[in-house]
There are 2 protein chains.
Amino acid sequence: MLNPCDAAFAARLSRLVPEGTLSAPEPRHLEEPRARWTGKAGILARPRTTAEVAALVRACAADRVGVVPVSGGTGLVGGQIMPSCPAPLLLSLERMAALRGVWPEENAMVVEAGMILADVQAAAAKVGRLFPLSLASEGSCRIGGNLAANAGGTAVLRYGNARDLCLGLEAVLPDGSIFNGLTRLRKDNAGYDLRHLLIGSEGTLGVITAASLKLFPQPAARVVAMLAVPSPAAALDLLALSGDRAAGLVSAFELIHRMGFDFLAEAGFGLRPPFDPVPDWLVLLELELPAGMEPEATMAGLYAAASEAGLVTDGVIATSEAQAAELWALRETIPLANRKVGAVSSHDISLPLSAIPGFIEAAPRAIAGLGAFRVNCFGHLGDGNLHWNVFPERGHGKAEHDGVRDQVKRVVHDLVHGLGGSVSAEHGVGRLKVADLARYGDPGKLAAMRAIKAALDPAGIMNPGAVLG
Amino acid sequence: MLNPCDAAFAARLSRLVPEGTLSAPEPRHLEEPRARWTGKAGILARPRTTAEVAALVRACAADRVGVVPVSGGTGLVGGQIMPSCPAPLLLSLERMAALRGVWPEENAMVVEAGMILADVQAAAAKVGRLFPLSLASEGSCRIGGNLAANAGGTAVLRYGNARDLCLGLEAVLPDGSIFNGLTRLRKDNAGYDLRHLLIGSEGTLGVITAASLKLFPQPAARVVAMLAVPSPAAALDLLALSGDRAAGLVSAFELIHRMGFDFLAEAGFGLRPPFDPVPDWLVLLELELPAGMEPEATMAGLYAAASEAGLVTDGVIATSEAQAAELWALRETIPLANRKVGAVSSHDISLPLSAIPGFIEAAPRAIAGLGAFRVNCFGHLGDGNLHWNVFPERGHGKAEHDGVRDQVKRVVHDLVHGLGGSVSAEHGVGRLKVADLARYGDPGKLAAMRAIKAALDPAGIMNPGAVLG
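The following paragraphs examine the structure supplied in this document. Note that this is a predicted model, so its numbers are computed, not measured. (Residues numbered from 1 in each chain as written. Chains lettered and ligands numbered in written order. Predicted model: local features only at pLDDT ≥ 70, side-chain atom pairs only at ≥ 80, totals over all residues. Heavy atoms only, no water.)

**Side note on the overall build of chain A**
A tally of regular secondary structure across chain A gives 14 helices and 18 strands. The globule rule puts the C-alpha radius of gyration for 469 residues at 23 Å, and the 23 Å found for chain A is close to it. Seen through its principal axes, chain A has C-alpha atoms that stretch 70 × 55 × 45 Å. Expressed as a percentage of the 469 residues in chain A, the buried residues total 60%. By sequence separation, contacts in chain A at least 24 residues apart represent 75% of the contacts at least 6 residues apart. Total accessible area on chain A is roughly 16400 Å²; 53% of this is exposed by carbon and sulfur atoms. In chain A, 42 positive and 47 negative side-chain charges are present, and the distance between their average locations comes to 6 Å. (Helix = DSSP H or I, 4+ residues; strand = E, 2+ residues; numbered from the N terminus. Rg over C-alpha atoms; globule rule 2.2 N^0.38 Å. Buried < 20%, exposed > 50% of the residue type's maximum accessible area, 1.4 Å probe, protein only. Contact = heavy atoms within 4.5 Å. Areas by Shrake-Rupley, 256 points an atom, 1.4 Å probe, with all protein chains shown as cover. Lys, Arg positive; Asp, Glu negative; His and termini not counted. Charge placed at Lys NZ, Arg CZ, Asp CG, Glu CD.)

**Looking at the nonpolar core**
Looking at soluble globular proteins, one finds that nonpolar side chains tend to be buried together. Core analysis: the largest hydrophobic core is formed by 143 residues, its most contacted members being F131, I143 and L147 of chain A together with F131, I143 and L147 of chain B. Grouped together as the second largest cluster of nonpolar side chains are 96 residues, F373 of chain A together with A235, L238 and L302 of chain B included. (Core = buried A, V, L, I, M, F, W, Y, C linked by side-chain atoms within 4.5 Å.)

**Some details on the packing of helix α7 (residues 232-245) of chain B against helix α11 (residues 356-368) of chain B**
All names here are of chain B. For the pair α7 and α11, interaxial distance at closest approach is 8 Å and the crossing angle is 160°. When the interaxial angle is binned, α7 and α11 end up roughly antiparallel. Both α7 and α11 take part in a crossing whose hand is right-handed. Each of P232, A233 and L236 in α7 lies in contact with α11, whose residues at this interface are I356, P357 and I360. Among the residues forming the contact of α7 with α11, the class breakdown is 6 nonpolar, no polar and no charged. (Axes fitted to C-alpha atoms, helices over the stretch in contact; angles between N-to-C directions. Parallel < 35°, antiparallel > 145°, perpendicular 65-115°, else oblique. Left-handed = near helix turned anticlockwise from the far one by under 90°. Nonpolar A, V, L, I, M, F, W, Y, C, P; charged D, E, K, R; others polar.)

**Quick notes on α7 of chain B**
The end-to-end C-alpha distance of α7 of chain B is 20 Å, a good match for the 20 Å that 14 residues give at a rise of 1.5 Å each. When α7 of chain B is considered as a whole, its buried residues turn out to be P232, A234, A235, L236, L238, L239, S242 and G243 of chain B. (Expected span 1.5 Å × (residues − 1).)

**What about the sheet that holds strand β2 (residues 43-45) of chain A?**
All names here are of chain A. With mixed pairing, the 4 strands of this open sheet are ordered in space as β1-β2-β4-β3. Taken across any chain shown, the strands that pair with only one partner, and hence form the sheet edges, are β1 (22-23) and β3 (67-70). Pairing of β1 with β2, which is carried by 2 bridges, proceeds in the antiparallel orientation. Paired with S23 across the strands is L44, a residue of β2. Across the sheet, helix α2 (residues 50-63) lies against β1, β2, β3 and β4 (89-92), angled at about 160° from β4, the strand it touches most. (Pairing = 2+ DSSP bridges.)

**Concerning the packing of helix α1 (residues 7-14) of chain B against helix α2 (residues 50-63) of chain B**
All names here are of chain B. Following both chains from N to C, one finds α1 and α2 inclined at 140°, their axes separated by 10 Å at the closest point. Of the possible angle classes, the one that applies to α1 and α2 is oblique. Considering only the axes of α1 and α2, their crossing is right-handed. Between α1 and α2, the residues in contact are F9, R12 and L13 and L56, A59, C60 and D63, respectively.

**Some remarks on the side chain of R142 of chain B**
Topologically, R142 of chain B is positioned in the loop between β7 (129-130) and α4 (143-148). In this structure, R142 of chain B is buried with no salt-bridge partner, the nearest side chain bearing the opposite charge being E94 of chain B at 5.2 Å. (Salt bridge = Lys/Arg side-chain N within 4 Å of Asp/Glu carboxyl O.)

**Structural notes on the relation of the copies chain B and chain A**
The transform that puts chain B on chain A rotates by 180° and translates by 0.0 Å along the axis, for an RMSD of 0.0 Å. Expressed as an axis order, the relation between the two copies is that of a two-fold axis. Looking at chain B, 100% of its interface residues are interface residues in chain A too, so the copies touch through the same face. (Least-squares fit on C-alpha atoms with pLDDT ≥ 70 in both.)

**Re the interface of chain B and chain A**
With 76 residues of chain B at the contact, the number on the chain A side is 76 residues. Of the roughly 6000 Å² buried at the junction of chain B and chain A (both faces included), carbon and sulfur atoms supply 58%. Contact with chain A buries area across many residues of chain B, yet K187, N189 and Y192 of chain B alone supply 18% of it, more than any other trio. The interface formed by chain B and chain A includes 8 salt bridges. At the boundary of chain B with chain A, the tally comes to 40 residue pairs in polar contact (both at pLDDT 80 or more). Elements represented by at least two residues in the side of chain B that touches chain A include exactly α5 (156-159), β9 (178-181), α6 (194-198), α7 and α14 (443-456) of chain B. Each residue belonging to the side of chain B that touches chain A can be placed in one class, and the counts come to 33 nonpolar, 24 polar and 19 charged. (Buried area = accessible area lost by both parts, 1.4 Å probe. Polar contact = N/O pair within 3.5 Å; in protein donor to acceptor, adjacent residues only side chain to side chain.)

Dropping the structure here:
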């Protein structure tokens, strides 16, 4: 049983850290984007050094006080707030946002966990390098949270998830000890990979305080196209064709259903799709090319081959950076439109690629008996990752479906699980999917996870209630 | 304290598995390539199914009998044999070598752990795909061992280490439970990444029984060159230049010192270098190109740019597959020549790229006081991974230096550690580097490793004595 982070405990903490480190939390530290939960207030700590983080965690371990790591607060599964008592210490890394070092010739950079993702990208660009992690929330999410949640985003197809972009970590473990693992090495087989265990553990096994990140050369050119495809199956064939013709150069392959454009209009975003009428299925395809390949000609060649194979029926190729940005804006504004329309149930799922067309066909039928819905299906098809979101019909509110929300989710998740997919593709487990993990997780894996959690955090102080419940 | 795998215990095991599963081990199950240790005999089990593996491990857990997983036996750090008593169960996966499934359109394949790496590569090639893991021992090492050791090899620069090529695992954990994690998903954030914890744990946390692997499109073309460079620093500048001009397309970047060619001659291999006289430093550079890039012209353009920048002084570009294979054969035969010459001490090290020239300059000086040596320095420069091996002078035997071997190793490893490098880059810890891990490992990480090991394997039955000792 945990003890509350009360005034008496705060007074003890205040002797361990500089004045100004502790305060009452602001509203932003207690909110999450879906407004499903409000965090329990407790005390907010904003340390400036890893040693201060360690001192705070050590004290919490000694007194069995919960610690909730706070990063950018953009997570969609409630991993960043603890709604139930006893009140925790909210440990925000926002003052630890320094660039500790950059080695462009090594394609490596060491940053503190509180650095905003867009600042990480900018610091890389400043030395002529690319840090490819890219998400809708990059202007406010922080790299420590990205790593804790193993964030995905739009560049996974070419560059991998957040964990694939991390060479090493510095973290404070649940007993307050420091893991000094800020290596810039590409190969290091000296013992168990604690880095990968911490990445994706959503703050339940420790607090990431800094990271060594992989950088990449800037591609010589980028080319973006929006292509109309006759079906999701055709989109998958187009993905394979793109991979065969441009091995290693496809940097994004996003599927968009027409409903996304309907929602952009309905939500009042002034973005116009480049097709009229809008086809049912579109693909946003991006190639990153080395010197020596002509961008438009390469994309046009791919288009011609796809057209000949019957995989595309129409398309536009951006001929300027501005046009490319417009095409991307269509894709990236869809989540905002979704929020305005208001989903009954949102599903961040991944599937084996070959199971996707069957899922897209079967899923609407599976929920049809539960009400009259609209489905907006879009996402990172190249990664097998769909955001398959269920909305009320136009003129109806999501509240009308409150009674079946859990059933909708269950039906969709059961279908995904049955097809060998994951119901937590890129957003993580947080608090939203604790029951899903227990239901769908492999028993052998769950038992091992519990054993690891108990071994590293016997008092259960780190992000209590998240992931394992 | 563990119990021996004696006749009485074998009799109990024999009731759990089909007849013919258990036998006495053959010599190959007790040997390792460096002939430093001989394994304790015990009983050999060669199960045919994951359920049989689970039954065997469960029985060993119940009776506290050690289990040594046996894969291809090619490991260089003694992870595959246990020399000290009590006798363990040798668990060979050699009969579990089936291809469980291949999905070329998903770039995924599921194989059993006992499949030989060359057979994995061939199974991928058969469906027009590439499985890029490539090592000198690929004709006899097995994929389960490759994953347990997180093997590296020559294609890491473009495709990553073995862990980066694995989508999911099936494994038997130390209590005999099965981890069913054979996902083909590119994104799956449902809980802790047990896959990455098992990969690189060298059989101390469980036995890998099958793996889901990433495949890649076959590149349209490959082009190989051997280039003379004025210095290691120039080689690093050439690496950066190659990355800038051919982002994502550099598939191998190997550094070779002239000593490697001297050893090829000394050891009687009839391989001739393409330069006379042989320059001090050479780079083997390979590009994998998509359709639309002309291989020889691309390499020639890179050569011209490097030449203008003073980074190369001479070079040959292979104009046929046969020539490319000849250049690769030079590189890949060096380890065999090393073995014939006989090293005083071999070092599988990695360094931050920018620290490499300084290391190459300082290390010979650091050991100069310990004797008269020759150094053969070669390796995967693109990954910061050098094989920096110390040999006696011509006409002398390594035995003359027996008295200083440990000192040589210590001096080299201290230098590497001081420069932020790893003394176990791609070969792992095994039994050879247990003391190194204890000496150089981060205390926070070591404590966490011990806690994880104790949590998952409280009796300490899995590969006793490896990694953590």
